[in-house]
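Structure assessment
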Amino acid sequence: MEPPDLEPLAVEAMPRRGLARKADGTPTRKTQRNFTDPDSHLMQSGGSHLQGYNCQVAVDSDHQVIVAVGVSNQPPDVEHLEPLLQRIGASAGGVPTVMTMDAGYWSEDNVKVCADQGIDAYIATGRLPHGQPPPPKRGPLPRDADARTRMVRKLRSKKGAAIYARRKAIVEPVNG
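Not measured: the values here are computed from a predicted model.

Here we come to the overall build of the protein. Scanning the protein for helices and strands turns up five helices and six strands. Helices and strands appear in the protein in the N-to-C order β-β-β-β-α-β-α-β-α-α-α. In the protein, of all internal contacts separated by at least 6 residues, the share reaching a separation of at least 24 is 46%. Carbon together with sulfur atoms contributes 53% to the accessible area of the protein, which is approximately 12,000 Å² in total.

And the structure:
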């Protein structure tokens, strides 16, 4: 079998943010531009702001190898899942059967995108205080449970907790 084509994907494939403009196309009074790197944008990071980009990375859990990357000037991660899945498919020849993602990727749409592609997704729905596990949920899942409630229950199950606990050990070391 031939290895997949590793040509870089178009920059436009990742979500992008342009300059703030009025309906007629003129910049607003608060529009800012970095003259050194006009494609970058101000982004919040740890309570402060930095001029930069939002980078996405997908890592193979078995071999701890980066299988896809994406760079954008759009800060919320939630919009990057679909383009990242396309990049994973292009570089790895298919999407994973199980995927863990941090809370930045949480949305009902992303749960559906994963399900439609046959991915068993484990997406955090919010942040918890460091070192405090959520109390285990017991009892039957309500019939009218929304996607968020279902995901919280999935993550709190023994299987879900074990799968999600590996996320940091899989993806964070390659960032170092």
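Picking up where we left off.
Let us now look at the pattern of salt bridges. Following the criterion strictly, the structure yields three salt bridges and no others. The residue Asp116 makes a salt bridge to Lys112 at a minimum N-O spacing of 2.9 Å. Of this pair, Asp116 and Lys112 both sit in helix H2 (residues 108-116), separated by four residues, roughly a single helical turn. Using a relative accessible area of 57% as the deciding quantity, one classes Asp116 as exposed.

To continue, consider the environment of Leu84. Looking at where Leu84 falls in the secondary structure, it is placed in helix H1 (residues 81-92). Once the C-alpha coordinates of Leu84 and Val67 are considered, the two residues, 17 residues apart in sequence, prove to be 9.9 Å apart. Ignoring anything within four residues of it in the chain, the contact list for Leu84 reads Gln56, Val57, Ala58, Ala68, Val69, Gly70 and Tyr105.

Turning to the packing of aromatic side chains, a few remarks are in order. Evaluation of the coordinates by the stated rule reveals zero aromatic pairs. Of note, Lys154 hangs over the ring of Tyr122, and the distance from its end group to the ring centre comes to 4.4 Å.

Attention shifts here to the side chain of Gln56. Take Gln56: it is sitting in strand S3 (residues 54-60). One polar contact links Gln56 to Asp77, side chain to side chain, over a distance of 3.0 Å. Those residues in contact with Gln56 that sit more than four places away from it in its chain are Met14, Ala68, Val69, Gly70, Asp77, His80, Leu84 and Tyr105.

What follows covers the pairing of S3. On a regular strand, one side chain projects to one face of the sheet and the next to the other, so that they alternate. Pairing of S3 with strand S4 (residues 65-72), which is carried by seven bridges, proceeds in the antiparallel orientation. Along S4, the bridge assignment pairs Ala58 with Ala68. Hairpin connection between S3 and S4: a loop of four residues separates the two successive antiparallel strands, and Gln64 in this loop has a positive phi of roughly 50°.

Let us look at the nonpolar core. Membership of the largest hydrophobic core comes to 18 residues, with the highest contact counts inside it found for Leu81, Leu85, Met99 and Met101. Among the elements of the structure, H1, strand S5 (98-101), H2, strand S6 (120-123) and helix H3 (147-156) are those that each provide at least two residues to this core. Looking at this core element by element, the count peaks at four residues for H1. Not counting chain neighbours up to four residues away, the residues in contact with Met99 comprise Leu81, Leu85, Ile88, Ile119, Asp120, Ala121 and Tyr122.

This part is about helix H5 (residues 167-175). For H5, every residue scored as buried is listed here: Arg167, Ile170 and Val171. End-on, the buried residues of H5 take up no more than an arc of 95°, which puts them together on one face. Across H5 from its buried face, at more than 90 degrees, point the exposed residues Lys168 and Ala169.

We now examine a negative patch on the surface. Taken together, the side chains of Glu82, Glu108, Asp109, Asp144 and Asp146 define an acidic patch exposed on the protein surface. Note on placement: Asp144 falls in the loop between S6 and H3. Asp144 sits in the exposed class, given a relative accessible area of 68%.

For the protein, mean pLDDT is 84; residues scoring 70 or higher make up 87% of the total. No element of the protein has a lower mean pLDDT than strand S1 (residues 41-45), at 81, and none a higher one than S6, at 98.

Where H3 meets helix H4 (residues 158-165), the closest approach of the two axes is 4 Å, and the angle between their N-to-C directions is 80°. By the angle between their directions, the pair H3 and H4 is classed as roughly perpendicular. Along its contact with H3, which presents Lys154, Leu155 and Arg156, the element H4 presents Lys158, Gly160, Ala161 and Tyr164. Grouping the amino acids of the contact of H3 with H4 by side-chain chemistry returns three nonpolar, one polar and three charged.

Each value, and the rule that gives it
- Residues numbered from 1 in each chain as written.
- Predicted model: local features only at pLDDT ≥ 70, side-chain atom pairs only at ≥ 80, totals over all residues.
- Heavy atoms only, no water.
- Helix = DSSP H or I, 4+ residues; strand = E, 2+ residues; numbered from the N terminus.
- Contact = heavy atoms within 4.5 Å.
- Areas by Shrake-Rupley, 256 points an atom, 1.4 Å probe, with all protein chains shown as cover.
- Salt bridge = Lys/Arg side-chain N within 4 Å of Asp/Glu carboxyl O.
- Buried < 20%, exposed > 50% of the residue type's maximum accessible area, 1.4 Å probe, protein only.
- Phe/Tyr/Trp six-rings, centres within 6.5 Å; stacked < 30°, edge-to-face > 60°.
- Lys NZ or Arg CZ within 6 Å of the ring centre and 35° of its normal.
- Polar contact = N/O pair within 3.5 Å; in protein donor to acceptor, adjacent residues only side chain to side chain.
- Pairing = 2+ DSSP bridges.
- Core = buried A, V, L, I, M, F, W, Y, C linked by side-chain atoms within 4.5 Å.
- Arc of directions from axis to C-beta.
- Patch = residues over 30% accessible without salt bridge, like charges linked within 9 Å, V, L, I, M, F, W, Y side chains within 5 Å.
- Lys, Arg positive; Asp, Glu negative; His and termini not counted.
- Charge placed at Lys NZ, Arg CZ, Asp CG, Glu CD.
- pLDDT = per-residue confidence, 0-100.
- Axes fitted to C-alpha atoms, helices over the stretch in contact; angles between N-to-C directions.
- Parallel < 35°, antiparallel > 145°, perpendicular 65-115°, else oblique.
- Nonpolar A, V, L, I, M, F, W, Y, C, P; charged D, E, K, R; others polar.

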